[in-house]
Amino acid sequence: MPMLRRSAQALPTDARRTAGLDTLARDCADRLRAIAARQPRAADDWSIAWTGCGCELCATLETFLGSRSRQVLEWPLAKDGRRHVHTKIDSAGLPVHHQTRRQGRPYTLVLTKTEQLFIREQSARGQAEADLTWLTSAWNA
Ligand SMILES: [Zn+2]
């Protein structure tokens, strides 16, 4: 999109066509239409699609994330396990808050899905709609 925006200003129409940018613009428009056409997430749908490394911990995390109704997981877990789960959540940028409750043995890892799950999808849809409107007018895509 940034490149299409720049070239729409900088290049005349025939140069854009020769460079194949009109094809790229149509392809972008198709992708954006698909994003804009997605069913909005239901207000009670907390499921997050995610796949881990295949270990037992990731399997537990995957089940929790995939649940539509569960928002919180209290998980007694030793240090190495907590670190693995932290790393997975952070590297995937998952909308999940993680906190270690330092009571008992092992400590309990408390995972909480956050509203970011809904906010991100709404803003992605809003951005797609805005980009699509611009593409349609500037590129006739
Ligand atoms: Zn794993």
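Please read these numbers as outputs of a predicted model, since none were measured by experiment. (Residues numbered from 1 in each chain as written. Predicted model: local features only at pLDDT ≥ 70, side-chain atom pairs only at ≥ 80, totals over all residues.)

(A) Broad picture of the pairing of strand β1 (residues 72-76). Only one face of β1 is buried, namely the one carrying Leu73 and Trp75, since none of Val72, Glu74 and Pro76 on the opposite face is buried. Judged from the five bridges that link them, β1 and strand β3 (residues 108-113) form a sheet pairing that is antiparallel. Paired with Trp75 across the strands is Leu109, a residue of β3. (Buried ≥ 20, exposed ≤ 12 C-beta atoms within 10 Å, placed from the backbone. Helix = DSSP H or I, 4+ residues; strand = E, 2+ residues; numbered from the N terminus. Pairing = 2+ DSSP bridges.)

(B) Geometry of the nonpolar core. With eight residues, the main nonpolar core is built from Leu61, Leu65, Leu73, Trp75, Val85, Val96, Leu109 and Leu111. For Leu61, the residues in contact, after removing those within four places along its chain, are Gly52, Val85 and Lys88. Formed by five residues, the second largest nonpolar core is a distinct cluster that contains Leu4, Ala25, Leu135 and Ala141. (Core = buried A, V, L, I, M, F, W, Y, C linked by C-beta atoms within 7 Å. Contact = placed C-beta atoms within 7 Å.)

(C) Representation of the domain arrangement of the protein chain. Each assigned domain of the protein chain is listed here: domain 1 (2-41 + 118-139) and domain 2 (56-117). Placing the centre of domain 1 and that of domain 2 at their C-alpha centroids yields a distance of 36 Å. (Domains from an automatic or database assignment.)

(D) Molecular detail of unusual backbone geometry. A cis amide bond links Arg105 with the next residue in sequence, Pro106, at an omega value of -10°. Structurally, Pro106 can be placed in the loop between β2 (96-101) and β3.

(E) Fine view of the pairing of β2. Taken together, the six bridges between β2 and β3 define a ladder with antiparallel strand orientation. Paired with Val96 across the two strands is Lys113, which belongs to β3. Counted between consecutive antiparallel strands, the loop separating β2 from β3 contains six residues, among which Gly104 sits at a positive phi close to 70°.

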